[in-house]
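So the chains spell out like this:
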Amino acid sequence: MAVSYKDLGLVNSKELFAKAVAGGYAIPAYNFNNLEQLQAILQACVETKSPVILQVSSGARKYANATLLRNMAKGAVEYVKELGYEIPIVLHLDHGDTFDLCKECIDSGFSSVMIDGSHHSYEKNIELTKQVVEYAHAHGVTVEGELGVLAGIEDDVVAEHSTYTRPEEVEDFVKKTGVDSLAISIGTSHGANKFTPAQCKRNEEGILIPPMLRFDILEEIEKRIPGFPIVLHGSSSVPQDLVKEVNEYGGKMKDTVGIPEEWLRRAAKSAVCKINIDSDGRIAMTAAIRKVLTQNPGEFDPRKYLGPARDSLKKLYMHKNISVLGSAGQA
Ligand code: G3H
Ligand code: 13P
Ligand code: ZN
């Protein structure tokens, strides 16, 4: 039986995006796959009074089970009330690749879906996105489309070379598809190894600085579709203190380079109103778990290492909301 997101107490992204664009901040879109990640996201967003997009990839959906996920989202709405401050919660499908997957999610309580047709031809991308929009809008669900391809790994799709979004296509794409927001490619990419060291320069502290994001393309897009909600994927900053901790406690993460926080802050002040962060959370959890298990090799109670992992994740998300995205205080 189909379930509407409205019955779960969730909201779609329409109003949140309009406010974020006008207010010069971005809504956090944090991926989750399990209970501890969900708890950390909700606690951080309630404490910073930030709206939130709970983002679920198709891999996460398979991992956590669709029925459990729906009920976790329902539980999330009740949990934030219990925490004492009601924040708007969107349940969003990340990188949906087929109409059927988007439909399944819409029918099972998602309030927002991404249809990622960026690896198809422009015409096929329009056709697929439009099909999803028609079904989604009939159910009050908002849709994110994508133009341009990010380098790195987009779920199962390996994009070795990025293709920046072509500003001359955005107006036509938005008009023909009816999407509510548009993910663009301006130099971010997925994962913890976004760039090779050879592509970067070292600053005075020895930190690898990647090639500058193409803010010129973003500005050109904004000129062509003023005020239209823009989304940035691949926006982890890959905090080097956390990578160091992972490696100090037996990890082997090498050549990790992320997007500098000040670039994201700059993007958040523009029409970019949704910023996707997953990898940073993975690194924070891994560092905390490695630390506990290295310091206490005899430990075998998962709560003893997942608890600290959750605390570290919460701290990371609070920092993002307050100092990077500007979403704190906007709920
Ligand atoms: O963009 C991809 C997200 O980080 C989700 O990754 O497919 O491994 O869950 P995943
Ligand atoms: P990161 O890998 O940079 O965290 O990006 C996540 C993302 O874009 C999810 O869609
Ligand atoms: Zn992504």
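Let me begin by describing the structure that accompanies this report. (Residues numbered from 1 in each chain as written. Chains lettered and ligands numbered in written order. Predicted model: local features only at pLDDT ≥ 70, side-chain atom pairs only at ≥ 80, totals over all residues. Heavy atoms only, no water.)

## Let's talk about helix H12 (residues 279-295)
Then, number 1: With 17 residues, H12 ought to run about 24 Å at 1.5 Å a step, and its terminal C-alpha atoms sit 24 Å apart, in line with that.
Then, number 2: Among the residues of H12, those classed as buried are Ser279, Asp280, Gly281, Ile283, Ala284, Met285, Ala287, Ala288 and Val292.
Then, number 3: Where H12 is buried, its residues meet helix H3 (35-47), helix H10 (240-248), strand S12 (272-277) and helix H13 (302-325). (Helix = DSSP H or I, 4+ residues; strand = E, 2+ residues; numbered from the N terminus. Expected span 1.5 Å × (residues − 1). Buried < 20%, exposed > 50% of the residue type's maximum accessible area, 1.4 Å probe, protein only. Contact = heavy atoms within 4.5 Å.)

## Things to note about the nonpolar core
Then, number 1: Phe32, Leu54, Ile89, Val113, Leu182, Ile230 and Ile275 are the most contacted members of the largest nonpolar core, which has 91 residues in total.
Then, number 2: Of all the elements, H3 adds the most residues to this core, at seven residues.
Then, number 3: Of all hydrophobic cores here, the second largest spans 10 residues; its members include Val21, Tyr25, Ile27 and Ala29. (Core = buried A, V, L, I, M, F, W, Y, C linked by side-chain atoms within 4.5 Å.)

## A few points about the packing of helix H8 (residues 167-177) against helix H9 (residues 215-224)
A pair of packed helices is characterised by two quantities: the angle between their axes and the separation of those axes.
Then, number 1: Contact geometry for H8 and H9: axes closest at 9 Å, N-to-C directions at 35°. For the element pair H8 and H9, the recorded crossing hand is right-handed. Residues Pro167, Glu168, Val170 and Glu171 of H8 form the contact with H9, whose participating residues are Ile217, Glu220, Ile221 and Arg224.
Then, number 2: Among the residues forming the contact of H8 with H9, the class breakdown is four nonpolar, no polar and four charged. (Axes fitted to C-alpha atoms, helices over the stretch in contact; angles between N-to-C directions. Left-handed = near helix turned anticlockwise from the far one by under 90°. Nonpolar A, V, L, I, M, F, W, Y, C, P; charged D, E, K, R; others polar.)

## With respect to the site of ligand 2
Then, number 1: Around ligand 2, the surrounding shell holds 16 residues, and the nearest of these are Asp94, Lys194, Ser236, Asp278 and Ser279.
Then, number 2: Gly191 is positioned such that a nitrogen or oxygen atom in its backbone is 2.8 Å from an oxygen atom of ligand 2.
Then, number 3: Taking Ser279, its side chain carries an N or O atom lying 2.7 Å from an oxygen atom of ligand 2.
Then, number 4: Counting only elements with at least two residues in the shell around ligand 2, the list comes to strand S3 (89-96) and S12.
Then, number 5: Its residues placed into classes, the shell around ligand 2 shows one nonpolar, 12 polar and three charged. (Near = heavy atom within 4 Å. Polar contact = N/O pair within 3.5 Å; in protein donor to acceptor, adjacent residues only side chain to side chain.)

## Concerning the environment of Val46
Then, number 1: Counting through the fold element by element, Val46 comes out in helix H3.
Then, number 2: Remark: the alpha-carbon pair of Val46 and Arg282, spanning 236 residues in sequence, is separated by 21 Å.
Then, number 3: Sequence-distant contacts of Val46, that is, excluding residues within four places in its chain, are made with Val80, Leu83, Tyr85 and Ile87.

## Comments concerning helix H11 (residues 261-268)
Then, number 1: Among the residues of H11, those classed as buried are Trp263, Leu264, Ala267 and Ala268. Seen along its axis, H11 keeps its buried residues to an arc of 140°; they face one direction.
Then, number 2: Here the buried face of H11 lies against strand S10 (208-209), H9, strand S11 (230-232), S12 and H13. (Arc of directions from axis to C-beta.)

## Digging into the coordination of the zinc ion (ligand 3)
Then, number 1: Within the first shell, the zinc ion (ligand 3) binds the protein through His95 (NE2), His190 (NE2) and His233 (ND1), at distances of 2.1 Å.
Then, number 2: Here the donor residues of the zinc ion (ligand 3) are spaced in sequence according to H-x94-H-x42-H. Linking His95 in strand S3 with His190 in the loop between strand S8 (181-184) and strand S9 (201-202), this pair joins segments that are 95 residues apart in sequence.
Then, number 3: What makes His190 buried here is its relative accessible area of 17%. (Donors = N, O, S within 2.8 Å, 3.2 Å for Na, K, Ca; no water.)

## Some remarks on the sheet that holds S12
Strand pairing in a sheet relies on backbone hydrogen bonds. The paired strands run either parallel or antiparallel.
Then, number 1: Ordered in space as S1-S2-S3-S4-S5-S8-S11-S12, the eight strands form a closed barrel in which the pairing is parallel. For this sheet the average axis-to-axis angle between neighbouring strands, irrespective of direction, equals 25°.
Then, number 2: In this structure, strand S4 (residues 112-115) lies alongside strand S5 (residues 142-147), joined through three bridges in parallel fashion. Among the inter-strand pairings, Ser112 is bridged to a residue of S5, identified as Thr142.
Then, number 3: Where H13 meets the sheet, its contacts fall on strand S1 (27-31) and S12, and the angle it forms with S1 comes to roughly 150°. (Pairing = 2+ DSSP bridges.)

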